[in-house]
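Listed here are the chains, written in short residue letters.
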Amino acid sequence: MRATRGAIGIEEMLHRLASETMRLAQAEGALFLMDDMCAHYPSPRIAADVLAEKFAQLRATGHELVASGGPDEESEPLTFCLLPMTIQGEVRGALGLINTPALFSAPELKLARAMAEHASSQIEQALLHRELLGQARLQAEMEVARKVQLQMLPQHRPTLPTLDVYASSRPAREVGGDFYDFIALEGGRLGLVIADVTDKGVPAALVMATTRSVLRGAALRLETPGDVLARVNEILVPDVPANMFITCFYAVLDPATGRLQYANAGHDVPYWRAADGQLRELRARGMPLGLMEG
């Protein structure tokens, strides 16, 4: 049975086990049933609807079944038994043995039960291996997604003669919906973006990428922050999922004059620290993006 421990598919594993079980139990045929999978050696010679009915009965009760039947009334009668296979704590499969027409002896049934237990262990290991591979693959893909998203954030801080600019982002997961951006505008002005997509993970990251692209396009064509956010909302509303929206603070800074124009689409209120050290809220009203038209 060492061959069954290799990196082979579950269906191929079951075919090998069916062949070996038939030989050891001296049965006419053997088969394994798992959900929508049937591995047999040789042909099962039992009507599919009969097998499905008995398999459903076995899964419901968890007890082995011994029954008689055949493909049709004219065929030679068959005796077959179904033995439950417990995988990951529940009956998820069955080992079937077929004889013509004699019943199975006690030693044959004992051997069959041992084979069913062995097959259950093999399949459980294979499923665990598959799950671990899937998790590793998903983790690798999420790491790539994280790097891609980080590359979408500004890689360099703007250099201004009178101001120091600093920004940082640390997603709660590998990827997320928070982002910031700096947009170089005409006349040396600078667009400043702080935004947050509701939800976390991959869905939020996808909406974040779309929002960033749309916002950049609108900022380069329109003048005032309010017009920019209104245009972004107009574009996003048809495509943002019903249970998601984007909060966004967008400001345009003119370093030459110190003038700051801003608009807020439902984002947390930013603060301005004046020369006298006092903190003042930059209040502006606006609905989050992607919620409703207008």
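Counting restarts for each chain: residues are numbered from 1 in the order of the written sequence. In keeping with the model being predicted, local features are shown solely for residues with a pLDDT of at least 70 and side-chain atom pairs are shown and tallied solely at 80 or more, while totals for entire chains, interfaces and linings include all residues. Each side-chain value is worked out from all heavy atoms of the structure, with water and hydrogens disregarded.

Caption draft 1: Structural view of the packing of aromatic side chains. Between rings of Phe, Tyr and Trp, where Trp is taken as its six-membered ring, a pair exists when centres lie within 6.5 Å; planes separated by under 30 degrees are stacked, by over 60 edge-to-face, and by other angles tilted. Under the defined criterion, the tally for this structure stands at two aromatic pairs. When the ring of Phe249 is compared with that of Tyr262, the centres are 5.7 Å apart and the planes differ by 35 degrees; the resulting orientation is tilted. Of the two residues, Phe249 is situated in strand β8 (residues 246-254) and Tyr262 in strand β9 (residues 259-265); the sequence distance between them amounts to 13 residues. With relative accessibility at 6%, the residue Phe249 sits in the buried group. Take Tyr262: its relative accessible area is 28%, and that puts it in the partly exposed class. Here a helix means four or more residues in a row that DSSP labels H or I, a strand means two or more in a row labelled E, and each is numbered from the N terminus. A simple rule labels every residue: compare its accessible area, found with a 1.4 Å probe on the protein chains alone, to the largest value its type can have, and call it buried under 20%, exposed over 50%, or partly exposed in between.

Caption draft 2: Here's a closer look at the pairing of β9. Strands pair, by our definition, only if DSSP identifies at least two bridges between them. The pairing of β8 with β9 spans seven bridges and is classified as antiparallel. Bridging across to β9, Asp254 finds its partner in Arg259. Here β8 folds back onto β9 in antiparallel fashion, the turn holding four residues, of which Gly258 has a positive phi close to 80 degrees.

Caption draft 3: Looking closely at the sheet that holds strand β6 (residues 178-184). Here we have four strands laid out as an open sheet, ordered β6-β7-β8-β9, and antiparallel in their pairing. What marks the edges here is a single partner per strand, and that holds for β6 and β9. The sheet shows a mean angle of 10 degrees between the axes of neighbouring strands, direction not considered. The contact criterion used throughout is that any non-hydrogen atoms of two residues lie within 4.5 Å. Here the axes come from fitting lines to C-alpha atoms, over the contacting stretch only for helices, and the angles between their N-to-C directions go from 0 to 180 degrees. Its contacts with the sheet place helix α4 (residues 201-221) against β6, β7 (190-197) and β8, and it is angled at close to 20 degrees to β6. Helix-sheet contacts for helix α5 (residues 225-236) involve β8 and β9, and the interaxial angle to β9 is about 30 degrees.

Caption draft 4: Highlighting the side chain of Asn264. Along the polypeptide, Asn264 turns up in strand β9. According to the relative accessible area criterion, Asn264 is buried, its value standing at 4%. Pairs of N or O atoms within 3.5 Å make up the polar contacts considered here, provided that, within protein, one atom can donate a hydrogen while the other can accept it, and that residues adjacent in sequence are counted only when both atoms are side-chain atoms. Only 3.3 Å separates the side chain of Asn264 from the backbone nitrogen of Gly266, close enough to count as a polar contact. Residues in contact with Asn264, not counting those within four places in the same chain, are Leu229, Cys248, Phe249, Val269, Pro270, Ala284, Arg285 and Gly286.

Caption draft 5: Main features of a nonpolar patch on the surface. In this analysis, a patch consists of residues with relative accessible area above 30% that form no salt bridge, clustered at 9 Å for like charges and at 5 Å for the nonpolar side chains Val, Leu, Ile, Met, Phe, Trp and Tyr. Areas reported as accessible are Shrake-Rupley estimates using a 1.4 Å probe. Residue values count occlusion only from the protein chains shown. Salt bridge, as used here, is a side-chain nitrogen of Lys or Arg placed within 4 Å of a carboxyl oxygen of Asp or Glu. On the surface, Met287, Leu291 and Met292 cluster together to form a nonpolar patch covering roughly 300 Å² of accessible area. In this fold, Leu291 is placed in the segment after β11 (279-281). Classification of Leu291 by relative accessible area gives partly exposed; the value is 38%.

Caption draft 6: Expanded view of the pairing of strand β4 (residues 78-87). Counting buried residues along β4, eight of its ten residues qualify, which places the element largely inside the surrounding structure. Across nine bridges, β4 lies against strand β5 (residues 90-99) in antiparallel orientation. Across the sheet, Phe80 pairs through a bridge with Ile98, a residue of β5. In sequence, β4 turns back onto β5 through a hairpin of two residues, with Gln88 there showing a positive phi of about 55 degrees.

Caption draft 7: Spatial organisation of the side chain of His267. Its location among the elements puts His267 in the loop between β9 and β10 (271-273). A polar atom in the side chain of His267 sits 2.8 Å from the side chain of Thr247. Beyond its immediate sequence surroundings of up to four residues, His267 is in contact with Ile194, Ala195, Asp196, Thr247, Cys248 and Phe249.

Caption draft 8: Summary view of helix α1 (residues 10-25). Any helix carries an expected span of 1.5 Å times its number of residues minus one. For α1, built from 16 residues, the straight-helix expectation of 22 Å at 1.5 Å per residue is met to within 8% by its first-to-last C-alpha distance of 22 Å. Restricting attention to buried positions, one finds in α1 the residues Ile10, Met13, Leu14, Leu17, Ala18, Thr21, Met22 and Ala25. Taken around the axis of α1, the buried residues stretch over an arc of 165 degrees, which confines them to a single face. Looking one or two places after α1, you find Gln26, whose phi comes out positive at around 55 degrees. Taken from the helix axis, the directions to the C-beta atoms give the arc we talk about.

Caption draft 9: View of the packing of α4 against α5. Packing of α4 against α5 brings their axes to within 9 Å, and their N-to-C directions diverge by 135 degrees. In terms of orientation, α4 lies oblique with respect to α5. In this structure, α4 crosses over α5, and the sense of that crossing is right-handed. Contacts between α4 and α5 involve Thr210, Thr211, Val214, Leu215, Ala218, Ala219 and Arg221 on the former and, on the latter, Val228, Leu229, Arg231, Val232, Ile235 and Leu236. Comment on the angle field: the value is read as roughly parallel under 35 degrees, roughly antiparallel over 145, roughly perpendicular from 65 to 115, and oblique elsewhere. Should the near helix be turned anticlockwise from the far one by less than a right angle, the crossing is termed left-handed; should it be turned clockwise, right-handed.

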